[in-house]
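Structural overview for review
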Number of protein chains: 2
Amino acid sequence: MEGNLQIVEQVKFFFEPKSTAVIGASKKVNKAGYVIFKNFVENKNSRLYRGELYPVNPNEDAILGYDCYPSLTKIPNDVDLIVVVIPSVGVPKVMEEAAIKKVKAAIIITSGFAEIGNLELERKVKEIASKAKIRVLGPNCLGVYDPLTGIDTLFLPETKILISNEEVIATPRPKPGEIAVVTQSGAFGVASLDYLAGRRLGVSRFVSFGNRIDLDESDFLEYFLNDDQTKAILCYLEGIKDGKRFMKVAKKVTKVKPIVALKTGKTSAGAKAAMSHTGSIAGSDEIYSTAFTQSGIIRARDMEEFFDMCKALVFQPPTTGRNIVIITDAGGPAIMAADECELRGLKIGALPEECKKVLESMRMNGKIPQFASINNPVDLTGSVTSDMLVSVTEVVLQSLNVNGVILLGLHHVPGLQEDYVDKVAMVSKNFLKPIIACDIGETEMALYIRAKFEKFMIPSYSSPEDAARAMVALYNYGDYLKSQGCLERYLTSFKERKGSTDLH
Amino acid sequence: MEGNLQIVEQVKFFFEPKSTAVIGASKKVNKAGYVIFKNFVENKNSRLYRGELYPVNPNEDAILGYDCYPSLTKIPNDVDLIVVVIPSVGVPKVMEEAAIKKVKAAIIITSGFAEIGNLELERKVKEIASKAKIRVLGPNCLGVYDPLTGIDTLFLPETKILISNEEVIATPRPKPGEIAVVTQSGAFGVASLDYLAGRRLGVSRFVSFGNRIDLDESDFLEYFLNDDQTKAILCYLEGIKDGKRFMKVAKKVTKVKPIVALKTGKTSAGAKAAMSHTGSIAGSDEIYSTAFTQSGIIRARDMEEFFDMCKALVFQPPTTGRNIVIITDAGGPAIMAADECELRGLKIGALPEECKKVLESMRMNGKIPQFASINNPVDLTGSVTSDMLVSVTEVVLQSLNVNGVILLGLHHVPGLQEDYVDKVAMVSKNFLKPIIACDIGETEMALYIRAKFEKFMIPSYSSPEDAARAMVALYNYGDYLKSQGCLERYLTSFKERKGSTDLH
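Numbers given for residues are sequential positions, taken from 1 along each chain in its written order. Throughout, the order in which chains and ligands are written sets their labels, letters from A for the former and numbers from 1 for the latter. Local features in a predicted model are, by the rule used here, given only for residues with pLDDT of at least 70; side-chain atom pairs are given and counted only at 80 or more, and totals for whole chains, interfaces and linings are based on all residues. Side-chain descriptors were evaluated using all non-hydrogen atoms of the structure, hydrogens and water having been removed beforehand.

**Examining the interface of chain B and chain A**
- The partner chain A presents 78 residues to the 78 residues of chain B that form the contact.
- A buried area of about 6,100 Å², summed over both sides, lies between chain B and chain A, and 64% of it is on carbon and sulfur atoms.
- Of all residues in chain B, the largest losses of buried area upon contact with chain A belong to Lys 160, Ile 335 and His 412 of chain B, amounting jointly to 10% of the total for that side.
- Note on definitions: salt bridges are taken to be side-chain nitrogens of Lys or Arg within 4 Å of carboxyl oxygens of Asp or Glu. For the pair chain B and chain A, the number of links is four salt bridges. Residues count as neighbours in contact if any of their non-hydrogen atoms are within 4.5 Å of one another. What counts as buried area is the accessible surface, traced by a 1.4 Å probe, that two parts surrender upon association, with contributions from both included.

Here is the structure:
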């Protein structure tokens, strides 16, 4: 256990409560209090949520088969967690009752506080909670989604009924995985879940903290530092509450697991928008960049990088240096990757002599095409076969002078069959250096190849520059770990993890 | 008709030949000569290709039901176009026969010329062609794909058989559309087709020019300038053959239709790779950027921008100024879009007074949510409904002080139904200013909403920054047209086109 134990113990009640009461549970299907309570009921039925469950609503006798309580204090047993979905004016009273019940944790979904100028109401809630030592998430937030414990306070149903009466997935819940999501924006939070689910990336835990009158980004970083399920953290921020503490906590975290941050409000227009969105003072963007760099946080330039970089960091080890080799059957895309690598600080240098020698003899023996280009990028041309791509990848990975490989195996050429993915995965397992794949295209085989790579935890991208940027994240993180003297330790623990989660 | 008429007449034979001979047509299914000849046969059977077709191969009597000729000169009728797929040593002889037959155009697919050092062989081919006034595409190229005339010299079959015996789409041919593709890299060429087909974007014509011993990028720009089917041009380049001429032609083209360029070899590593790929001298990247800007070419920074920007330029009119309004139900993503707009030269300024007034009265009358933020971005919050989003979009589009709208309607909120897409499309039809949509997510409803927008020719993106960058392209192009005094003319012709191709 590292860091602040007390926070960790307290935050645990948000993810693993023994009992939960939903204040404002409802029978009306289009109410947030219905959706949230139903999430719990369904997760309890499937034995995902294993705690007790209590609906609180003075106007109902029972909801979805559960006896309803007129108030929190009428519940005969202990309550660890309350989820509050009643109108804002009623929230202080609920918090007073929570104090009496010795509730440990409160997720206040309700909006209508500071974000619309109701400062006094928010202050009151904060005061009661603080006095009673109730830890609060929110208000004005989406709360928590935990795929392992069944806590799901998202008031957006998983599916939506179209006007045509067809039911479609609208706000999917990703499968259990290794990425924790911490987000200031609720809207971007659900969008993230939609993105991650669609790309088949799993989530360890998800937190949307809204007005953060109590728990904030730093508290959750502290928690995720100690959460074994979480191997990387995605953090969306419009402003930071306590910069000094954030950096202190982040520094602890990034020695052990990567944080990828998307910090918006970079421009004056963006900062103004952030102000009117979550009341955040965006501050100087340069200061943030510096703080992130100093804390080992990988900063994404945009939404796509945010997800792309995190995927690479979860699937692959960081590099131990900046020397990258590009292997391809597609000359043009390889130039794109080379350009982006160099523009972002990686080195696409001469192919190491030991690789060159082996590849030259392979070319002489007809094991790779006669016109293959034995430089960096290594271009095996349209005459490539699966076996050629695999054996060249192995030769390059073996070189101690290569820190990572970008494999642009465009599937279009006749000799490249899908089995090269399995074989590359097999070969790359023997090396503790990153490999990143790219195949361009948006139809069947491209989608199939990319998905297949990711089954083997080889991150796969649809554009050469995206692949390059993913490698940049692995380099930057490795470089930071090295500067902190903890690269070896991270690599060792990554190796253990990789060994134990083969083909997840 | 504008520009160089002679070139246009000559290049026409590559896309609309009255007769084609495939030199090296084969019966062996894994040979390029089989795939290409079969493309022609299938397109002839479906009446897409309406010219004559002759296989040439001294070792066969007939291929796929067509009588085979031992040599080109033995064909009794005129031949407009030859497609050459025999080994390189035999190409000069074929070209001599082509000279005798008075062939107009030759696509030399065959590789093994200058790109591997066979300079003399290439020189010989060039000399024969030039003397006989045969226009040549290639060698070492993929040639032409024309979805309207059925010319398809791509030797990569549309489908591939997996090891599991399943047949999957591997190199799709996009439907007929308005985008011309000119590419130096063949591999990137097929990757482009795969991308465009998967994103349901159509192609007017596709050309891969390889070693360009005769026709080059400038010739095809000249041709596409006069091609009514082509409304925008995607141009992938590693180097430019004749910079002066390229700029001259490009300047003519961009007054009438946009060119989006992806020029690689930006870094020394990339330039080196370009050199060994197509023997191109990449040159100083700054010089290219300046030349592109001066010629009105929109330069994409990476592959994704390349396609994203072109889509925007084909679907929407350019802006007449830099004032953009963002309308959303998702605060966080709106900040991302605002940041990216401002970073790239657009202005997310204060909401024009006339909009503000109307929106304030709508808020008072409960026609938009009480807590909607009437700034720029306009944030209608999670309480938004389809009708709110539509009416606000209309109010904003009406303002003379707004040059374009980015609509980030995240579908996750309960009140937003898919009909807002149809309604926004209906409203936006009345304005000659661009609208760009974004919905984040990779599952059912997100994909559905984005596809639906594009049916109405509203370009739709999966990330806020991509949407912003698409608007940047519309601004940059509009700004260039304005500087050339031809914005009005372009807008008029865009309007006519839009009117006639409703919901394509």
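**Some words on the domain arrangement of chain A**
Residue and element names in this part refer to chain A.
- Where each domain starts and ends follows an automatic or database-derived domain assignment. For chain A, the assigned domains are domain 1 (5-312) and domain 2 (317-500).
- Spacing between the C-alpha centres of domain 1 and domain 2 amounts to 38 Å.
- The partner domain 2 presents 22 residues to the 22 residues of domain 1 that form the contact.
- Between domain 1 and domain 2 lies a buried interface of about 1,700 Å² when both sides are counted; carbon and sulfur atoms form 55% of it.

**Describing the relation of the copies chain B and chain A**
- Copies are brought into register by a least-squares superposition over C-alpha atoms of residues with pLDDT of at least 70 in both. With an RMSD of 0.0 Å, the operation that places chain B on chain A is a rotation of 180° combined with a shift of 0.0 Å along the axis. Taken together, the rotation and translation describe the operation of a two-fold axis. For chain B, the minimum C-alpha distance to the rotation axis belongs to Glu 304 of chain B and amounts to 5.5 Å.

**Points about the packing of helix 7 (residues 243-254) of chain B against helix 9 (residues 285-295) of chain B**
All names here are of chain B.
- Fitting a line to C-alpha atoms yields each axis, with helices limited to the stretch in contact; the angle taken between N-to-C directions then spans 0 to 180 degrees. In this text, helices come from DSSP runs of H or I with a minimum length of four residues, and strands from runs of E with a minimum of two, each type numbered from the N-terminal end. Two numbers describe how helix 7 lies on helix 9: the axes approach to 8 Å, and their chain directions differ by 35°. Contacts between helix 7 and helix 9 involve Phe 246, Met 247, Ala 250, Lys 251 and Thr 254 on the former and, on the latter, Ala 291, Phe 292, Gln 294 and Ser 295.
- Side-chain classes are defined by residue name, with Ala, Val, Leu, Ile, Met, Phe, Trp, Tyr, Cys and Pro counting as nonpolar, Asp, Glu, Lys and Arg as charged, and the others, Gly among them, as polar. Its residues assigned to classes, the contact of helix 7 with helix 9 comprises five nonpolar, three polar and one charged.

**Side note on the packing of helix 12 (residues 353-364) of chain B against helix 13 (residues 386-398) of chain B**
Residue and element names in this part refer to chain B.
- Running from amino to carboxyl end, helix 12 crosses helix 13 at an angle of 155°, the nearest separation of the two axes being 9 Å. Judged by the angle between their axes, helix 12 and helix 13 are roughly antiparallel. Considering the relative orientation of helix 12 and helix 13, their crossing is right-handed. For the pair helix 12 and helix 13, the contacting residues are Cys 355, Val 358, Leu 359 and Met 362 in the first and Ser 391, Val 392, Val 395 and Val 396 in the second.
- Partitioned by chemical class, the residues of the contact of helix 12 with helix 13 number seven nonpolar, one polar and no charged. Between 65 and 115 degrees an angle is taken as roughly perpendicular, under 35 as roughly parallel, over 145 as roughly antiparallel, and anywhere else as oblique. Two helices cross in a left-handed way if the nearer one is turned anticlockwise from the farther one by less than a right angle. They cross in a right-handed way if the turn is clockwise.

**Focus: the sheet that holds strand 18 (residues 373-374) of chain A**
All names here are of chain A.
- Across the sheet, six strands lie side by side as 18-19-17-20-21-22; this open sheet has mixed pairing. This sheet does not close on itself; its edge strands, each paired only once, are strand 18 and strand 22 (460-461).
- Direction of pairing for strand 18 relative to strand 19 (residues 378-379): antiparallel, over a ladder of two bridges. The residue bridging Ser 373 from the neighbouring strand is Asp 379, located in strand 19. Strands are labelled as partners when DSSP assigns at least two bridges between them.

**Remarks on the side chain of Asp 146 of chain B**
- The topology assignment puts Asp 146 of chain B in strand 8 (residues 143-146).
- Look at Asp 146 of chain B and you get buried, because its relative accessible area is 0%. The buried label applies to any residue whose accessible area, calculated with a 1.4 Å probe on protein chains only, is under 20% of its type's maximum; exposed applies above 50%, and partly exposed to all values in between.

**A short note on the pairing of strand 15 (residues 259-263) of chain B**
Residues and elements named next belong to chain B.
- Most of strand 15 sits inside the fold, with five of its five residues counted as buried.
- Where burial is concerned, the two faces of strand 15 agree: the one with Ile 259, Ala 261 and Lys 263 and the one with Val 260 and Leu 262 are both buried.
- Sheet topology note: the strand 14 (residues 232-237)/strand 15 ladder contains five bridges and is parallel. Residue pairing for strand 15: Ile 233 is matched across the bridge by Ile 259.
- The parallel pair strand 14 and strand 15 is bridged by helix 7, and the resulting crossover is right-handed.
- Inspection of the sheet shows strand 15 paired to strand 16 (residues 298-299) by two bridges, in the parallel sense. Of the residues in strand 16, the one forming a bridge with Ala 261 is Arg 299. A clockwise course of the path from the first strand over the helix to the second, judged with the strands pointing away from the viewer, identifies a crossover as right-handed.

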